[in-house]
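Now for the letters of each chain:
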Amino acid sequence: MIGKTISHYRILAQLGGGGMGVVYEAEDLKLRRHVALKFLPPEMENDPAARERFQREAFAASALNHPNICTIYEIDEANGQHFIAMELLEGKTLKHLLSGKPLPLEQILELAGEIADALDAAHTKGIVHRDIKPANIFVTSRGQAKILDFGLAKVGRRDDGATLVGNVEMPTASEKDLTSPGATLGTVAYMSPEQARGEDLDARTDLFSFGVVLYEMATGKLPFPGATSAVIFHAILSQDATAPRQLNPQLPPKLEEVIHKALEKERKLRFQSAADMRADLARLKRDTDTSRSAVAAPPAAQSQPRPWWRSKSAVGIAVILLLAAVAAGGWVYNSRTSGGETIGSVAVLPFVNASADPNAEYLSDGITESLINSLSQLPHLKVMSRDSAFMYKGKDTDARTVGQTLGVRAVLKGRVMQRGDDLEISAELVDARDNSHIWGQQYSRKASDIFALQGDLAKEMTSMLRMRLTGEDEKRMAKSYTANPEAYQDYLKGRYWWNKRSEVGVRKGIEYFQQAIAKDPAYALAFDGLADGYNVLGNYGYVPPKEAYPRAKEAVLKALQLDDTLAEPHTSLAFVMTDYDWDWPGAEREFQRALGLNPNYAYAHALYGYHLYKIGQFDKAIAESKRALELDPLSLIANRILGQSYYYARKYDQAIEQYRKTLELDPNFTGAHRFLGMAYVQQSNYKEGLAEMEKDLAISPGNTAALSEIGHAYAVAGRKLEAQKVLGQLDEISKQKFVTAAFMAIIYAGLEERDKAFERLEMGYEERSLGGGAIILSDPGFDPLRPDPRFADLLRRMNLQP
C-alpha cells in the first residue's frame with residue numbers, strides 16, 4: 001500500500017492494525033494535511049456484519065464533536081476498499097502507556113477527567129461505546145486522552161426501529177446481524193456484569209468498564225484477573241476487587257471511593273451518569289491541586305535582607321542532606337546487588353514529556369541528551385549514545401529488552417513536567433537483568449535551576465552505578481558550558497529541531513542556535529550547533545555548498561577558539577574539511593583529535609568511517625563503522641554508513657545484508673532503500689533495485705538523490721528513454737531549487753555519454769558539490785569514466801589519488 005493513492009489520499013506509512021482494520025498514515029491531496037486511514041481488511045470486504053460494524057464506527061464517532069474523541073473526516077470506498085479517514089494522532093495508546101505500572105496521580109486525574117467528559121458527550125447523543133479499554137484510549141504526545149473505535153457502539157432507536165444518533169437517523173442492521181447468537185460484545189477483562197450476562201446495556205456499562213480502566217491506571221493491575229474467560233467472568237460477576245490502596249498506598253482515599261463506585265456490580269448503585277463521575281474526579285483533582293499548592297507555597301515574605309534558605313548555613317545543611325541522601329541511596333543499592341559491584345554500562349532512554357504542551361518536547365529531549373553527554377565523560381562507563389537511546393522514544397519497552405538489545409546492565413527512565421517556570425522531573429534506574437528497581441527520585445525546581453538539577457541527577461546516577469570518580473572525572477561531570485539558562489534552553493531547542501534533519505527543522509534549529517549565541521557569545525556548544533546546522537544544509541543539498549559550508553566553518557572555528565577540549569566541534573570541522581575543503585589530511589587530524597578527547601563518541605566514529613570510504617580506505621572505514629555500532633547499535637546513521645562502506649568496497653552482498661538490517665530498525669529511513677537498490681543494480685538485479693529506489697522516493701517525494709539513482713539504473717539497464725526522462729525531471733527541479741550537478745553526471749555516465757558527464761562533473765567541481773553529493777573516487781556508477789584522462793585530472797584537483 002505504501003506509495004499508492006486511494007481516492008484523494010496518498011499512503012505514506014503503516015501505523016498499525018488489528019482484527020477490524022489496518023491503519024496507515026496518508027496525505028490528503030486536496031487539503032494538504034496528514035490523516036490516518038483505517039481500511040477494512042480484504043478478507044472482511046465481503047462480510048456484511050464487518051462492513052456494518054465499520055460503518056457504525058465512522059457514523060457514531062463522526063456524530064461526536066469532542067476534543068477527547070478521535071475526529072472522523074469521512075468514510076468512503078475506492079477500488080473495492082472501504083476506508084475511514086480520521087484525525088492523525090501522535091502518541092501511544094493507554095495500554096502501551098500503562099505496561100503493568102500505575103500512572104502518576106496527576107496524570108490519572110487529568111486523563112480520567114477527559115475520558116469521563118468524552119463518555120458524557122457520547123451518552124448524551126445516545127451512543128454507548130461498549131468496548132472501553134486501554135487499547136481504545138489514545139494518549140497524545142500533548143498528554144490528551146482520545147477515545148477510539150466505536151465499532152461496537154450501541155446507538156439509540158426510535159419506536160419504528162430506526163437508529164438515531166442525536167436527532168439524525170442512520171439506517172443500520174439489527175444488533176443480531178452484527179454478532180453470532182449468544183455472543184457477548186466487548187473485551188472480557190473490561191466487561192460490566194450485565195455485559196457478561198448478555199443483558200440489555202445502557203450507558204452505565206461504559207462506566208463500569210471505565211472503572212476497570214481507572215483501577216488499572218491507579219494500580220497497574222486488573223481488578224478481575226484470570227487465565228481464562230470463564231475465570232474472569234466469574235470474578236466480574238461474584239468477586240470483589242482488591243482495594244486499590246493495598247496495591248498503591250499513595251492513592252488518595254477519595255480516588256479509591258470513585259473506583260469502588262464505578263465497579264459496583266449492581267448498576268443501580270453505580271455512578272448513574274458520566275457527568276456524575278466527571279464531577280467527582282474534578283473535585284478530587286481540585287482538592288489534590290489545592291493541597292499541593294499549600295505544601296509548595298513559600299513562607300510569607302519577611303522584611304529581612306536575605307531569605308534564610310539562601311544563607312550559607314542553610315546551603316551547608318542542604319548539601320549535608322543531599323550527601324546523606326546519596327549515601328543512603330548507595331547503601332540501599334548495595335543491599336540489592338551482589339556485593340555492590342559496579343554497573344559498567346547504562347542506557348538513558350528519552351525522558352517522557354508529561355506536559356500538556358508539545359512545545360516542551362525539546363526540554364525532555366534536551367535533559368536526556370545532557371545526561372547522556374555528562375555520563376559519557378566517564379571513561380569507565382559505557383553509555384549508549386543519543387541515536388540508539390532515541391530509537392525508544394515514544395515506546396514503552398521494558399528494561400530487560402533494552403538491556404538485551406543494547407548490551408547494557410542498567411536503564412534510566414524519566415518524565416519531565418513543566419508548568420510555567422516550574423519543573424518536575426522523576427527518574428528511575430532499573431536493573432536490565434530482571435527489571436528490578438535500583439533507585440528512583442523526584443525533583444521539583446524552577447526552570448532557571450535546570451543546571452543544578454541535571455548535575456544532581458548525574459551525581460546520584462553515578463552513586464547508584466557504584467562509580468568511583470576521580471577528581472578529573474568530577475571536573476568533567478561538573479563542567480558547565482553556559483551560565484545562562486535562557487541560552488541553554490535555546491540550545492536545547494536548536495538541537496531538538498536540528499535532529500529532525502528536514503530543511504524546515506534544520507533552519508529552525510539554526511535560528512535557536514543564533515538566539516543562544518546572542519544571549520551568551522561565549523557558548524561554544526551553540527556555535528558548534530550552528531556549524532552542524534549549516535553542515536546539514538550543505539550535505540543534504542538543501543542549499544548550494546558555497547552558501548552553507550563557509551558559514552559552518554566560521555562557526556566551528558569560533559567554537560574551538562572558545563573551547564578546544566570539546567570533541568564535538570573537532571568532529572564538525574573534520575566534516576567540513578571532508579565534504580567541502582577536500583582537505584583529507586586535515587580531516588584526519590581533526591577526527592583523531594575528537595576521538596582522543598572522547599574515544600566513546602559514536603558519531604565521530606561513524607563520520608570518520610564516512611571520511612575513510614570517501615578516500616578509498618575501505619577496511620578502515622568498515623572497522624570504524626563497526627566501532628560506531630558497538631557504541632551505538634541502533635544508530636540509523638552508523639548502520640547506513642557501514643552499509644555504504646561495504647557498497648563502495650564493492651562488497652555488495654554484505655552491503656545488502658547491512659541495509660536490510662538498517663531497514664528493520666526503521667523502514668522509512670531516508671536513503672536506506674536507495675542504497676539497497678543501488679547494490680541490487682550493481683548485481684544487475686534491476687527490477688529489485690528500481691523497486692527499492694521507488695520506495696525511497698515514496699518516503700521522500702521529490703528527493704533528487706533517489707531520482708538520480710533511478711535514472712542511472714534505467715541507463716545501465718538499457719532503458720535509455722526513461723533515463724532521459726529522469727534527466728528532464730532533474731533539470732526542471734533545478735529551476736526551482738539547488739540540485740547537485742553530480743546527480744545528472746551519474747546518469748550520463750550510465751548512458752556512456754562521457755562529454756555530458758564530464759560537463760556536469762566540472763560544474764560539480766566548481767560548485768564544490770562533489771564531496772557530499774557523490775563519492776567520486778570509489779562510486780561504481782562512475783566506472784565508465786575512469787579510463788578517460790579527464791577523470792584522473794579531476795581526482796588530482798580534488799587532492800585524491802586514482
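Residues numbered from 1 in each chain as written. Predicted model: local features only at pLDDT ≥ 70, side-chain atom pairs only at ≥ 80, totals over all residues. Heavy atoms only, no water.

S.K.: Got a minute to help me understand the side chain of S635 in this structure?
M.R.: Counting through the fold element by element, S635 comes out in the loop between α24 (618-631) and α25 (636-648). For S635, a relative accessible area of 3% corresponds to the buried category. Among the polar contacts made by the side chain of S635, one reaches the main-chain amide nitrogen of A638 at a distance of 3.0 Å. Those residues in contact with S635 that lie beyond four places of it in its chain are D387, S388 and L629. (Helix = DSSP H or I, 4+ residues; strand = E, 2+ residues; numbered from the N terminus. Buried < 20%, exposed > 50% of the residue type's maximum accessible area, 1.4 Å probe, protein only. Polar contact = N/O pair within 3.5 Å; in protein donor to acceptor, adjacent residues only side chain to side chain. Contact = heavy atoms within 4.5 Å.)

S.K.: Honestly, the confidence of the model for the chain in this entry has me stumped. Any pointers?
M.R.: For the chain, the average pLDDT comes to 81, and 82% of its residues sit at 70 or higher. Counting interchain partners and residues more than four positions distant, the pLDDT-below-50 stretch residues 157-185 has 50 contacts. Low confidence marks residues 293-339, where pLDDT is under 50. Its contacts with residues over four positions away, or in another chain, come to 25 contacts. (pLDDT = per-residue confidence, 0-100.)

S.K.: Teacher, can you tell me more about the packing of aromatic side chains here?
M.R.: Note on aromatic pairs: each is described by the distance of the centres and the angle between the planes. Enumeration according to the criterion identifies 19 aromatic pairs in this entry. Counting every residue linked through ring pairs, the aromatic cluster contains F575, Y610, Y613, Y647, Y648, Y652, Y659 and F675. Between the NZ or CZ atom of R33 and the centre of the ring of Y73, over which it lies, the distance is 3.8 Å. Taking NZ or CZ as reference, R797 lies 4.7 Å from the ring centre of Y765, over its face. (Phe/Tyr/Trp six-rings, centres within 6.5 Å; stacked < 30°, edge-to-face > 60°. Lys NZ or Arg CZ within 6 Å of the ring centre and 35° of its normal.)

S.K.: Is there a simple way to explain the sheet that holds strand β10 (residues 145-147) in this structure?
M.R.: Across a sheet, strands are paired by hydrogen bonds formed along the backbone, either parallel or antiparallel in direction. The strand order across the open sheet formed by 3 strands is β7-β9-β10, and the pairing between neighbours is antiparallel. Where the open sheet ends on each side, the last strands, each with one partner, are β7 (91-93) and β10. Averaged over all pairs of adjacent strands, the angle between their axes in this sheet comes to 25°, without regard to strand direction. Each of β9 (137-140) and β10 touches helix α3 (residues 105-124); the most contacted strand, β10, lies at about 30° to it. (Pairing = 2+ DSSP bridges. Axes fitted to C-alpha atoms, helices over the stretch in contact; angles between N-to-C directions.)

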